[in-house]
Amino acid sequence: MIKNFVEELTWRGMIQDIMPNTEEHLMEAMRMAYVGIDPTADSLHIGHLVGVMGLKHFQLAGHKPVALVGGATGMIGDPSGKSAERNLLDEATLRHNQDAIKEQLSRFLDFDSDAENAALIVNNYDWMKNFSFLEFIRDVGKHITVNYMMAKDSVKKRLSSEASVGMSFTEFTYQLVQGFDFLQLYREKQCTLQMGGSDQWGNITTGTELIRRIDSGKGYALTWPLITKADGTKFGKTEGGNIWLDANRTSPYKFYQYWLNTSDIDAEKYIKIFTFLSKDDITALIEEHQQAPHLRVLQKRLAEEITTMVHSKEDLDNAVKASNILFGKSTSEDLKALNEQTFLDVFDGVPLTQINKEDIENGLDMIAALAEKGNFLKSNSEARRALKENSISVNKEKVKDDYTLTNADLINKKFILLQRGKKNYFVLQII
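Residues numbered from 1 in each chain as written. Predicted model: local features only at pLDDT ≥ 70, side-chain atom pairs only at ≥ 80, totals over all residues. Heavy atoms only, no water.

The name an unreviewed UniProt entry assigns to the protein chain is Tyrosine--tRNA ligase, from the organism Neotamlana sedimentorum. Checking UniProt for the protein chain, the heading Catalytic activity (unreviewed entry) contains the comment "tRNA(Tyr) + L-tyrosine + ATP = L-tyrosyl-tRNA(Tyr) + AMP + diphosphate + H(+)". Taken from UniProt, the Function (unreviewed entry) comment for the protein chain reads in full: "Catalyzes the attachment of tyrosine to tRNA(Tyr) in a two-step reaction: tyrosine is first activated by ATP to form Tyr-AMP and then transferred to the acceptor end of tRNA(Tyr)." (UniProt positions renumbered as here; feature names shortened; annotations may be inferred.)

This is the structure:
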């Protein structure tokens with residue numbers, strides 16, 4: 001049964017531009033739509049997630065989604081929203097990246113079932129690699145005028161006086177290559193819709209124009225808004241770079257924290273875009289949040305839903321436990337359950353001192369650990385005073401001045417967490 005895909009995306013705030021009659025076209029029968037994905041890394045990041053969610057909603061509505069990995073276009077570089085050309089990748093790297101991306105997409109999309117609308121993944125390098133330059137300019141280039149290409153916003157911005165660098169011929173032809181992708185999928189797969197971010201509108205409509213001019217056919221276009229943050233900073237970026245879906249690039253703890261730290265305004269917008277919660281559930285959550293914003297109900301639910309979806313329920317539970325180590329009541333067992341990366345993420349920025357493992361193996365008294373060896377407190381007398389005040393903890397458990405640090409205190413065989421009072425943390429790293 002076909003559901004109203006456009007209606008679903010509309011209430012979620014996921015439509016920026018849409019070609020006339022797209023909704024009617026999608027309600028008539030099962031259709032095929034594609035989203036292009038840049039394969040310049042072997043992981044997607046959260047900037048890709050809107051497109052992935054769009055494809056998933058398309059499949060849930062009874063249609064067939066296609067993820068197009070831009071092996072050929074990835075070799076050129078899309079000028080949209082960019083101020084400079086990108087590095088070009090070799091074929092082996094692109095293939096590796098495509099396989100890794102498909103693995104991530106399979107957490108969202110059904111590729112393997114016998115369903116008529118099972119998802120597909122294709123790579124435009126497969127049809128572009130054998131195309132000669134002469135064939136391309138004869139069979140594709142002659143159908144689109146330079147005037148038409150120059151009128152696109154992505155081209156105008158790069159050619160404006162504000163741009164610090166010009167635009168190479170390679171980048172200028174990008175919209176023709178992307179347009180041909182749409183024509184190719186229209187011919188080979190009867191794909192009639194291309195979707196993407198609003199900065200892709202010009203490239204997408206070049207595809208619909210090629211379908212019209214070369215095949216006398218009809219293609220449709222739909223874009224979603226580019227995701228922004230209320231404070232003006234870039235979505236999906238931190239000081240450490242992109243927020244990746246790959247746990248080895250961005251730990252589940254850091255991933256969870258990113259969503260948990262969303263502003264109220266952004267959380268209200270993101271929970272519609274980045275979860276599959278129903279309209280009624282989201283409306284109720286927003287109302288609950290507005291009654292007690294300090295409880296951060298929206299942010300917690302958003303972080304829970306998206307961390308479970310991208311990683312797993314187990315990863316979410318671990319991320320929540322790790323979060324509670326800094327802000328709630330936790331035990332040394334909770335600390336010792338953390339893997340090394342999560343431990344380092346949780347205590348990122350906390351003063352850290354390296355000491356030799358012989359010191360621990362021989363037993364290290366607390367005064368030396370705090371002062372002489374650790375350099376966390378200024379003097380032995382300050383260390384003694386803090387211990388007498390009962391304000392020092394080792395791995396979240398209070399200790400006296402006669403306590404000795406040994407191998408039994410090690411977290412991941414290399415860390416010991418010291419704490420003075422509630423908020424002052426120090427880490428000993430054993431080397």
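What follows continues from the structure just given.
Asker: How do you make sense of the overall build of the protein chain when you look at a structure like this?
Answerer: When helices and strands are tallied, the protein chain shows 22 helices and 15 strands. Structurally, the protein chain occupies a C-alpha span of about 85 × 45 × 45 Å along its principal axes. Counting every position in the protein chain, which comprises 431 residues, the buried fraction comes to 51%. Considering only residue pairs separated by 6 or more positions, the protein chain has 72% of its internal contacts joining residues 24 or more positions apart. For the protein chain, the exposed surface amounts to about 20900 Å²; the carbon and sulfur share of it is 48%. Here the protein chain carries 51 positive and 60 negative side-chain charges, and the mean point of each set is 3 Å from the other. (Helix = DSSP H or I, 4+ residues; strand = E, 2+ residues; numbered from the N terminus. Buried < 20%, exposed > 50% of the residue type's maximum accessible area, 1.4 Å probe, protein only. Contact = heavy atoms within 4.5 Å. Areas by Shrake-Rupley, 256 points an atom, 1.4 Å probe, with all protein chains shown as cover. Lys, Arg positive; Asp, Glu negative; His and termini not counted. Charge placed at Lys NZ, Arg CZ, Asp CG, Glu CD.)

Asker: So what exactly am I meant to see when it comes to the environment of Gly197 here?
Answerer: Of note, Gly197 is situated in strand E5 (residues 193–197). In sequence terms Gly197 and Leu222 are 25 residues apart; their C-alpha atoms lie 8.6 Å from each other. With sequence-adjacent residues up to four places away left out, Gly197 is seen in contact with Thr223, Trp224 and Leu226.

Asker: How should I be thinking about the domain arrangement of the protein chain in this particular structure?
Answerer: The accessible area lost on association of the parts is a frequent measure of interface size. Domain annotation for the protein chain reports domain 1 (5–224), domain 2 (237–328) and domain 3 (346–430). Counting from both sides, the interface comprises six residues of domain 2 and, opposite them, five residues of domain 3. At the boundary of domain 2 with domain 3, total buried surface from both sides reaches about 450 Å², with 67% on carbon and sulfur atoms. Three residues stand out in domain 2 for area buried against domain 3, namely Tyr253, Ile325 and Leu326, and they jointly supply 81% of the buried area on that side. Joining domain 2 to domain 3, the criterion identifies zero salt bridges. Taken together, the elements giving at least two residues each to the side of domain 2 that touches domain 3 come down to helix H13 (252–260) and helix H17 (313–327). It is H17 that contributes the most residues to the side of domain 2 that touches domain 3, three residues altogether. Of the residues that constitute the side of domain 2 that touches domain 3, the class distribution is four nonpolar, one polar and one charged. (Domains from an automatic or database assignment. Buried area = accessible area lost by both parts, 1.4 Å probe. Salt bridge = Lys/Arg side-chain N within 4 Å of Asp/Glu carboxyl O. Nonpolar A, V, L, I, M, F, W, Y, C, P; charged D, E, K, R; others polar.)

Asker: Would you explain the sheet that holds strand E12 (residues 397–398) in this entry?
Answerer: To summarise the sheet geometry, strands pair through backbone hydrogen bonds and adopt either a parallel or an antiparallel arrangement. Within the open sheet, the five strands sit side by side as E9-E15-E14-E11-E12. Their pairing is mixed. A single partner strand is all that each edge strand has here, and the edge strands are strand E9 (352–355) and E12. Pairing of strand E14 (residues 415–420) with strand E15 (residues 424–430) involves six bridges; the strand directions are antiparallel. By the bridge assignment for E15, Ile416 is matched with Leu428. (Pairing = 2+ DSSP bridges.)

Asker: Help me understand the UniProt feature "binding site: ATP" (unreviewed entry) in the protein chain, please; the structure alone is not making it clear to me.
Answerer: UniProt records the feature "binding site: ATP" (unreviewed entry) for Lys237 in the present numbering. As for its placement among the helices and strands, Lys237 is situated in strand E7 (residues 237–238). Overall, Lys237 belongs to the partly exposed group, its relative accessible area being 36%.

Asker: So what exactly am I meant to see when it comes to the packing of aromatic side chains here?
Answerer: Think of a pair of aromatic rings as described by two things: how far the centres are apart, and how the planes are tilted against each other in angle. Going through the model one piece at a time under the given rule, you end up with 18 aromatic pairs. Ring centres of Phe255 and Trp259 lie 6.2 Å apart, and the angle between their planes is 65°; this geometry places the pair in the edge-to-face category. Pair noted here: Phe255 and Trp259 are both in helix H13, with a separation of four residues, about one helical turn. Of the two residues, Phe255 and Trp259, neither departs from the other in class, the shared state being buried. Where Tyr270 meets Phe274, the ring centres are 5.7 Å apart and the plane angle is 75°; that geometry is what we call edge-to-face. (Phe/Tyr/Trp six-rings, centres within 6.5 Å; stacked < 30°, edge-to-face > 60°.)

Asker: What exactly am I supposed to notice about the packing of helix H14 (residues 264–273) against helix H16 (residues 297–310) here?
Answerer: Each pair of packed helices gets described by two things: the angle between the helix axes and the distance between those axes. Close contact between H14 and H16 brings their axes to 9 Å; oriented N to C, the two are set at 45°. When the interaxial angle is binned, H14 and H16 end up oblique. Between H14 and H16 lies a crossing whose hand is left-handed. Together, Asp264, Ala267, Glu268, Tyr270 and Ile271 of H14 and Leu298, Gln299, Arg301 and Leu302 of H16 make up the contact between the two elements. Looking at side-chain class alone, the contact of H14 with H16 contains five nonpolar, one polar and three charged residues. (Axes fitted to C-alpha atoms, helices over the stretch in contact; angles between N-to-C directions. Parallel < 35°, antiparallel > 145°, perpendicular 65-115°, else oblique. Left-handed = near helix turned anticlockwise from the far one by under 90°.)

Asker: Just to check I follow, could you spell out helix H5 (residues 91–105) for this structure?
Answerer: In a regular helix each residue adds 1.5 Å, so 15 residues correspond to 21 Å; H5 covers 21 Å between its end C-alpha atoms and thus fits that length. Burial in H5 covers these residues: Leu94, Asn97, Gln98, Ile101, Gln104 and Leu105. Buried residues of H5, seen end-on, are gathered within an arc of 125° and therefore sit on one face of the element. Turned more than 90 degrees away from the buried face of H5, the exposed residues are Ala92, Asp99 and Glu103. (Expected span 1.5 Å × (residues − 1). Arc of directions from axis to C-beta.)

Asker: I keep staring at the environment of Ser113 and nothing clicks. Help me out?
Answerer: Along the chain, Ser113 turns up in the loop between H5 and strand E4 (120–123). C-alpha of Ser113 to C-alpha of Glu372: the two residues are 259 residues apart in sequence and 63 Å apart in space. In terms of polar contacts, Ser113 uses its side chain to reach the side chain of Asp110, at 2.5 Å. (Polar contact = N/O pair within 3.5 Å; in protein donor to acceptor, adjacent residues only side chain to side chain.)

Asker: Is there a simple way to think about the environment of Lys414 in this case?
Answerer: Within the fold, Lys414 resides in the loop between strand E13 (404–405) and E14. Separated by 323 residues in sequence, Lys414 and Glu91 have C-alpha atoms that sit 41 Å apart. Within the local environment of Lys414, its side chain forms a polar contact with the side chain of Glu340, the two groups lying 3.3 Å apart.

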